[in-house]
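# What the coordinates show
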Amino acid sequence: MKKTYFILIAILTSGLMHGQIFQEVSNQTFQGVFYGDCAVADFDNNGRTDFIISGAKPGYTGYSGFFKNNNGAFTENIGACLSQIMYSSIAVGDLNGDNKKDIIITGTKTGENSSVVFEIYYNNGDGTFTKNENSGIPGVNFGSVQIADMTNDGIADIIVNGNLGSEYITKVYQQNEGGTFTDLNAGLMGTYFSAIKAFDANSDGINDLLVTGFSTNFTPETKLYINSGTGTFTEKPITIPGIYFSSIDALDINNDSHLDLLISGTDYTPTTSLTIYTNDGFGNFTAQANNFTGIYNGNTKFVDYNKDGLIDIFAIGSNAAGDNTVLLYKNNLDGTYTEDTVNSASIVGVNMSKGEWLDFDNDGDLDLLTIGFEGADVAQTRLYRNSTINQETCGEPGNNTGDLGCVTFNYEGTSVTYITVRGSDGNVWLQQNLGSASVATSQNDEASYGDLFQWGRWDDGHQKRNSALGTAPTPNNPAGLATGNDTFYTGWWSPNALSDKWEAATPAAATEINGCDPCKALGNGWKLPTEAEWTAIKDSQNISNPATAFQSVLKLPVSGYRAASGSFSFVGTRGYFWSSTTSSSGAKYFYVGTTIANPSAGAPRSQSAAIRCLKYPQASSYCNASVDFDVEPITMVNFSDINNLTSETVNGTPAYEDFTAIVGNVVRGNTYQLTVKGNTVGQFEHDIRAFFDWNKDGVFDMQTEYYPAVLTPSTGIDAIEATVSITIPATATIGDTRMRVIKDQWNVYEEGEFDACLNAYYGQIEDYTINIQESLGTIDFNKNDFKLYPNPTEGIINIQANQEIKSITIYNHLGQLIATQKASQINIANLSSGIYMIRVDFENGQTATKKVVKK
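Predicted, not measured: the structure shown is a model, and the values here were computed from it. (Residues numbered from 1 in each chain as written. Predicted model: local features only at pLDDT ≥ 70, side-chain atom pairs only at ≥ 80, totals over all residues. Heavy atoms only, no water.)

### Here's the deal with the layout of surface pockets
- Within this model, the second largest pocket holds a volume of roughly 1,000 Å³.
- Looking at the lining of the second largest pocket, the elements that each hand over two or more residues are strand S2 (34-41), strand S6 (85-93), strand S10 (141-148), strand S14 (191-199), strand S18 (244-251), strand S22 (296-303) and strand S26 (351-358).
- Class assignment for the residues of the lining of the second largest pocket results in 21 nonpolar, 15 polar and 7 charged. (1 Å grid on protein atoms, 1.4 Å probe; cavity = no way out; pocket = protein on both sides within 12 Å on 5 of 7 lines; lining within 4 Å. Points joined across faces, edges and corners; volume = space filled by probe spheres on them. Helix = DSSP H or I, 4+ residues; strand = E, 2+ residues; numbered from the N terminus. Nonpolar A, V, L, I, M, F, W, Y, C, P; charged D, E, K, R; others polar.)

### Considerations on the side chain of Asp-365
- Among the structural elements, Asp-365 can be located in the loop between S26 and strand S27 (367-375).
- Apart from the residues within four sequence positions on either side, Asp-365 is in contact with Lys-307, Leu-358, Asp-359, Asn-386, Ser-387 and Thr-388. (Contact = heavy atoms within 4.5 Å.)

### Details of the state of the cysteines
- Within the structure shown, the criterion is met by 2 disulfides.
- The side chain of Cys-519 participates in a disulfide bridge whose partner is Cys-613; the two sulfur atoms lie 2.1 Å from each other. Between Cys-519 and Cys-613, the disulfide has an S-S torsion of -80° and is therefore left-handed. Separated by 94 residues along the polypeptide, Cys-519 in the loop between strand S36 (514-516) and helix H2 (531-541) and Cys-613 in the loop between strand S42 (608-609) and strand S43 (614-615) bring together distant segments of the chain. The pair formed by Cys-519 and Cys-613 is uniform in burial state, with each residue classed as buried.
- Between the sulfur atoms of Cys-623 and its disulfide partner Cys-757 the distance amounts to 2.0 Å. (Disulfide = S-S within 2.5 Å. Buried < 20%, exposed > 50% of the residue type's maximum accessible area, 1.4 Å probe, protein only.)

### Examining the sheet that holds strand S47 (residues 671-678)
- Ordered in space as S45-S44-S47-S50, the 4 strands form an open sheet in which the pairing is antiparallel. Two strands lie at the open edges of the sheet, namely strand S45 (642-645) and strand S50 (722-727), each paired on one side alone. The sheet shows a mean angle of 15° between the axes of neighbouring strands, direction not considered. (Pairing = 2+ DSSP bridges. Axes fitted to C-alpha atoms, helices over the stretch in contact; angles between N-to-C directions.)

### Overview of the confidence of the model for the protein chain
- Residues at a pLDDT of 70 or more form 93% of the protein chain, whose mean pLDDT is 89.
- Low confidence marks residues 1-19, where pLDDT is under 50. Its contacts with residues over four positions away, or in another chain, come to 47 contacts.
- Per-residue pLDDT stays below 50 along residues 776-783; that stretch engages in 11 contacts with residues further than four places along the chain or on separate chains. (pLDDT = per-residue confidence, 0-100.)

### Quick word on the sheet that holds S10
- The strand order S10-S11-S12-S13 describes an open sheet built from 4 strands, whose pairing is antiparallel. Taken across any chain shown, the strands that pair with only one partner, and hence form the sheet edges, are S10 and strand S13 (181-183). Across the sheet, the mean angle from the axis of one strand to that of its neighbour is 20°, orientation sign disregarded.

### As for the side chain of Ser-88
- Looking at the secondary structure, you find Ser-88 in strand S6.
- Within the structure, the side chain of Ser-88 is placed 3.0 Å from the side chain of Ser-54, a separation counted as a polar contact.
- Every residue in contact with Ser-88, bar those within four places of it in the chain, is listed here: Tyr-35, Gly-36, Asp-37, Ser-54, Gly-55, Ile-105, Thr-106 and Gly-107. (Polar contact = N/O pair within 3.5 Å; in protein donor to acceptor, adjacent residues only side chain to side chain.)

### A word on the packing of aromatic side chains
- Throughout the structure, instances matching the rule amount to 57 aromatic pairs.
- Where Phe-22 meets Trp-357, the ring centres are 5.8 Å apart and the plane angle is 65°; that geometry is what we call edge-to-face. Taken together, the positions of Phe-22 in strand S1 (residues 22-24) and Trp-357 in strand S26 put the pair 335 residues apart, joining distant regions of the chain. As far as burial versus exposure is concerned, Phe-22 and Trp-357 are alike and both buried.
- The aromatic ring of Phe-488 is capped on one face by Arg-562, whose charged end is 4.2 Å from the ring centroid.
- Its end group placed over the ring of Trp-493, Arg-605 keeps NZ or CZ at 4.7 Å from the ring centre. (Phe/Tyr/Trp six-rings, centres within 6.5 Å; stacked < 30°, edge-to-face > 60°. Lys NZ or Arg CZ within 6 Å of the ring centre and 35° of its normal.)

### Some words on H2
- Those residues of H2 lying buried are Glu-531, Glu-533, Trp-534, Ile-537, Lys-538 and Gln-541. In an axial view of H2, the angular spread of the buried residues amounts to 165°, which keeps them on one side of the axis.
- If you follow the buried residues of H2, they end up packed against strand S31 (428-430), strand S39 (575-583), strand S40 (586-592), strand S41 (597-603) and S43.
- The first or second residue beyond H2 is Asn-542, which carries a positive phi of 55°. (Arc of directions from axis to C-beta.)

Below, the structure is given as C-alpha cells:
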C-alpha cells in the first residue's frame with residue numbers, strides 16, 4: 001500500500017461591497033409620522049411582510065396605518081380600523097395562541113374624544129382585526145411595549161412602559177386564561193423617553209427585563225431585573241450607564257449562546273452613545289470599544305444588511321450636535337467594524353424615529369422601513385429596497401419556480417449584477433430589464449424600466465432613452481455599425497428578410513444578416529427569447545395585462561416603447577419586449593396591453609423596446625466521484641484555451657477539484673488535442689479518461705462521450721504526457737457543458753466496467769466547463785491569450801494581452817468568485833496564500849484562464 005499524506009488547506013474570502021445598495025421605493029408614498037413606532041410581520045399569512053406605522057403627523061394629530069403587501073406593492077388597509085394615535089408604541093406577537101400576529105398599541109388617541117389609550121388588535125387572519133379597548137391595561141405616552149412570556153407558563157404576557165400622566169410606569173401584565181390580564185405589581189422602575197427589552201440575560205431560559213429612560217428620580221437610568229419565572233423580579237447591579245431617548249436590541253453576536261446588547265441614547269450631560277455590550281452568560285455585560293458615533297431619540301438594530309452572514313450595526317436618530325444621522329457599521333469578522341458611509345448616504349436621516357428591517361420583495365435580503373421627523377415641519381415614512389448581492393454566492397436560481405439567483409456581467413462598460421429567476425417554463429430569466437436599476441416593485445416602477453433597443457442592435461449607447469437621433473448607417477444593417485454607434489436611427493435595417501437573425505455573440509461577429517444579441521454579454525448560454533419562448537412563459541404565468549405581468553415571476557413593468565421617430569409611447573401603461581423572431585413587418589415582440597398579452601405582435605425594427613434575457617437550465621445532476629486511497633494528482637490539463645497547472649504533491653489537493661470556472665471554447669466539427677500530465681508516484685501506469693457531456697443531459701455516456709488515453713510512469717512535472725484527439729460532434733448542444741478528466745491506476749479493468757462515476761483507485765478527478773460554439777468566424781484564438789506577472793506574487797499582478805479586455809475575474813481554488821474588474825493590474829495582497837484562477841473575458845467574446853500563486 002502506498003503512503004498516505006493529509007494536508008488541510010483553507011482559504012477564507014469575504015464578499016465585496018459594490019456601491020450603494022439602498023434605493024428608496026419612490027413610487028410608493030406613505031403618511032409621514034414621528035414620535036411614534038412601526039412594526040413588521042406577515043399579518044395575513046400569505047408569505048409577504050406587511051407593516052404598521054403610528055405616530056404624530058405634522059401639526060400633532062395622531063395617525064395609525066396598516067399596509068398590506070400585495071406582491072411587493074403596499075396598499076393601506078382601511079378595514080383594519082386602527083385608532084389614530086401619536087406618541088405611540090407598538091408591539092407584535094401571538095397573544096391568543098392562534099398562530100396569527102396580533103398588535104398592541106398605546107399612546108394618545110386624537111380626534112373627538114382625545115385620550116391616552118392601550119389597545120389590543122386580535123388578528124382575524126384576513127387583513128381585519130378585532131379591537132379590545134377594555135383590557136384594563138393603562139395607556140402611556142413616549143414609552144415602550146412588548147409581548148413576551150414573563151411568567152414561564154407558555155402564555156404571552158404584556159409589558160408596558162412610559163408616561164402615565166404625572167406617573168412613569170413599567171408594569172408586567174400576566175395573561176390569564178380567557179384573555180384577561182393581571183398586574184403583577186413587580187415594583188419595576190418607571191421611565192419615559194425610554195426603551196425596554198425582555199430577553200434571557202442569565203441563560204436560564206426565562207425572560208429578564210432591561211429598562212432604560214428618564215426615571216421618577218428625574219435622571220436617566222438603566223436597570224436590569226432578573227426574573228424568577230414566578231412573577232417576581234430582582235434588580236441585578238450592572239455597569240451600563242443611565243440613558244434616555246434610548247433604544248435597545250439583543251442578539252448573540254459572538255456565537256457563545258448568550259444574548260448581547262446594542263444600546264443607544266444620551267445621558268444628562270448630554271453625551272450620546274451607541275455601544276455593544278457582550279454578555280458572559282450570567283447577566284454581566286462588558287462594553288466593547290468600538291468607537292461608534294452616539295445617537296439618541298432614534299433607533300438601533302443588529303442586522304446583516306449586506307447579506308455576508310455577519311451581524312452589522314444600524315442606527316438612526318440625532319447625533320451629539322442634534323443633526324439627523326444614519327449610521328451603518330459593517331462587521332469585519334475580527335470584532336471590529338468599519339463605518340459604511342457609502343450605503344448610509346442613500347438613507348434619509350430623521351429623529352424622533354424608528355426603523356424596521358423586512359424583506360418586502362422576497363428577494364432574500366433585508367429592506368428598510370423608517371419613520372421620523374426631518375425638520376421644517378416635515379415628517380416621513382420611507383421604504384428602501386436593498387439590492388445586495390453577495391458576489392461570492394451569486395449563482396443560478398434553484399429549481400423551483402420563483403427561486404432567485406443573480407448574474408454579474410459588463411453593461412455600458414461597468415460591472416453590474418442583476419437578479420435572475422427560475423421561470424415556470426423551467427428556464428432561467430433576468431428578473432429585470434437590461435439597463436434597469438432594479439427589479440420592479442410595482443408595474444409602473446420607473447427604476448425598473450431600463451433601456452430600449454432597436455431590433456438587431458446591442459449595448460452601444462443607442463438604447464438610452466436620451467440618445468440622439470440620426471439617419472441610418474451605410475450599409476443599413478448590423479455590418480454598418482462596425483463595433484457600435486450610440487445614435488438612435490430613425491430608419492433602421494430594412495427590407496425585413498425573414499432569414500435575418502439577432503444571434504451573434506459579439507459586435508465583431510455581427511454581419512449584414514445577423515445582429516449582436518445583447519443578452520450574450522451576460523455569459524455563456526444567455527440569449528434573447530424567441531416568440532415561442534415568450535408564449536410559453538406567458539401561458540404558464542397566466543399573463544394577460546400589466547397587473548398580471550408584474551405579478552408574474554418575471555416582474556414585467558410597463559416600460560413603453562420608442563417609436564422610429566424618437567418619440568415615446570405608453571411609458572407607464574404598457575409593456576413591449578423584443579423577441580429574436582423576425583416578421584414581415586420587422587420583428588416580433590411581446591406586447592402587454594391593458595386587456596391583452598400577445599407574444600406574436602410585430603413592429604418595425606427601428607422601433608425600440610425593452611430586453612429580457614433567458615438561458616436554458618443547465619444540467620446539475622452530474623454524479624460525484626472520488627478517490628480510494630492516495631490522491632496522486634493530475635498536474636496539467638491542456639485543451640483548447642484551457643491550460644491548468646496544479647500541484648504535483650501527493651494528497652496535496654482534493655480528490656475531486658471543481659474547475660468549472662475555467663472555460664474552454666470549442667467549435668462544432670473542429671478537432672482539439674487533450675493533453676494531461678500527472679504524478680504516478682513510481683513505476684505505475686495510469687488511465688486518463690476524458691468525458692464530455694455533448695448533449696448536456698447531465699450524464700456521461702460511455703458510448704459517445706468517452707475518450708481514453710494512457711499515462712506512463714511520470715512525476716507530473718516531467719515531459720511525459722497522455723494525449724487524445726477530441727472532435728467536437730456536429731450535433732453537440734450549443735453553450736456550456738461539462739468536461740470530466742479522471743486519472744486512475746485501475747487500468748487492468750476492461751472498457752465498460754467503469755464510468756465517470758466510479759471512484760479512482762490512486763488518482764484524481766477534475767471537472768471543467770466547455771463552451772460549444774457554432775462558428776467563431778475569423779477569430780484568431782492565438783490572439784486571445786494573456787500574460788500575467790509576476791507569478792508567484794506577493795500581491796500585485798499585471799495582465800498583458802493583445803486583445804481588448806472586457807473583464808477580469810478572480811476565483812479561489814474552490815472556483816468561488818472573489819472579484820471582477822477591468823483594470824489590467826490586480827491587487828490580491830489582502831487574500832490568503834494559495835492558488836487562484838485569473839479569467840480574462842475579451843471584447844471579442846472569447847476567454848482565457850491562467851493560474852496564479854499568491855505567496
